[in-house]
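Notes for the structure review
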Amino acid sequence: MKTVGAADFKARCLRLIKQMNQDRESVTITNRGRPVAILSPLPEQARSSSIIGAMRGTVLAYDDPFTPAADPSDWTSLR
């Protein structure tokens, strides 16, 4: 596991993240020699899935978006 000071991490953040993804090795960030955070790569399974587009193709048809999704008579009141 690599160790880097907070000031050095701030100066080289993007480079360290890129290197971490290539090496698949965590980076410990220290402040005055004391560990304060660990930056670690995502597991392979989490890297391949993305929330963007995850629901694509799940809506089969919705012809008129301005009509209610359910008939008002289907709703009951607690009065």
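Model, not experiment: these values are computed from the prediction.

A few points about the overall build of the protein chain
When helices and strands are counted, the protein chain shows two helices and three strands. Secondary structure elements of the protein chain occur, N-terminal to C-terminal, as β-α-β-β-α. Computed over the C-alpha atoms, the radius of gyration of the protein chain is 24 Å, more than 25% above the 12 Å expected from 2.2 N^0.38 for a compact globule of 79 residues. Over its C-alpha atoms, taken along the principal directions, the protein chain stretches across nearly 65 × 35 × 20 Å. Across the 79 residues that make up the protein chain, the buried fraction comes to 13%. Pairs at least 24 apart in sequence give 29% of the contacts found in the protein chain among residues at least 6 apart.

Structural notes on the pattern of salt bridges
Summed over all chains, the structure comprises two salt bridges. We note a salt bridge from lysine 2 to aspartate 23, for which the minimum N-O separation is 3.3 Å. Taken together, the residues lysine 2 in strand S1 (residues 2-5) and aspartate 23 in helix H1 (residues 6-23) connect sequence positions 21 residues apart. Where arginine 12 meets aspartate 8, a salt bridge forms, and the shortest distance between an N and an O atom there is 3.3 Å. With arginine 12 and aspartate 8 both in helix H1, this residue pair falls four residues apart, about one helical turn.

Concerning the nonpolar core
Counting residues in each nonpolar core, the largest one holds six residues, listed as Val4, Phe9, Leu16, Met20, Val27 and Ile29. The set of elements that each furnish at least two residues to this core consists of H1 and strand S2 (27-31). Here this core gets three residues from one element, more than from any other, and that element is H1. Other than its neighbours up to four places away in sequence, methionine 20 contacts Glu25, Val27, Leu39, Ser40 and Pro41.

Re the sheet that holds S2
Sheet architecture is open: three strands sit in the order S1-S2-S3, paired in mixed fashion. Both edges of this open sheet fall to S1 and strand S3 (34-39), since each of them pairs with a single strand only. Going from strand to strand, the sheet's axes swing by 30° on average, the running direction of each strand aside. Bridge count between S1 and S2: four bridges; the pairing is parallel. Opposite threonine 3, over in S2, you have threonine 28 as the bridge partner. Across the sheet, H1 is in contact with S1, S2 and S3; its angle to S1 comes to roughly 155°.

Considering unusual backbone geometry
Glycine aside, the phi torsion of most residues is negative, and most peptide linkages are trans. Phi angles above zero are rare outside glycine, and arginine 24 is one such case at about 60°. Note that arginine 24 resides in the loop between H1 and S2. Within the chain, arginine 32 stands out as a residue other than glycine whose phi angle is a positive 55°. In this structure, arginine 32 sits in the loop between S2 and S3. Classification of arginine 32 by relative accessible area gives exposed; the value is 83%.

Criteria and thresholds
Residues numbered from 1 in each chain as written. Predicted model: local features only at pLDDT ≥ 70, side-chain atom pairs only at ≥ 80, totals over all residues. Heavy atoms only, no water. Helix = DSSP H or I, 4+ residues; strand = E, 2+ residues; numbered from the N terminus. Rg over C-alpha atoms; globule rule 2.2 N^0.38 Å. Buried < 20%, exposed > 50% of the residue type's maximum accessible area, 1.4 Å probe, protein only. Contact = heavy atoms within 4.5 Å. Salt bridge = Lys/Arg side-chain N within 4 Å of Asp/Glu carboxyl O. Core = buried A, V, L, I, M, F, W, Y, C linked by side-chain atoms within 4.5 Å. Pairing = 2+ DSSP bridges. Axes fitted to C-alpha atoms, helices over the stretch in contact; angles between N-to-C directions.

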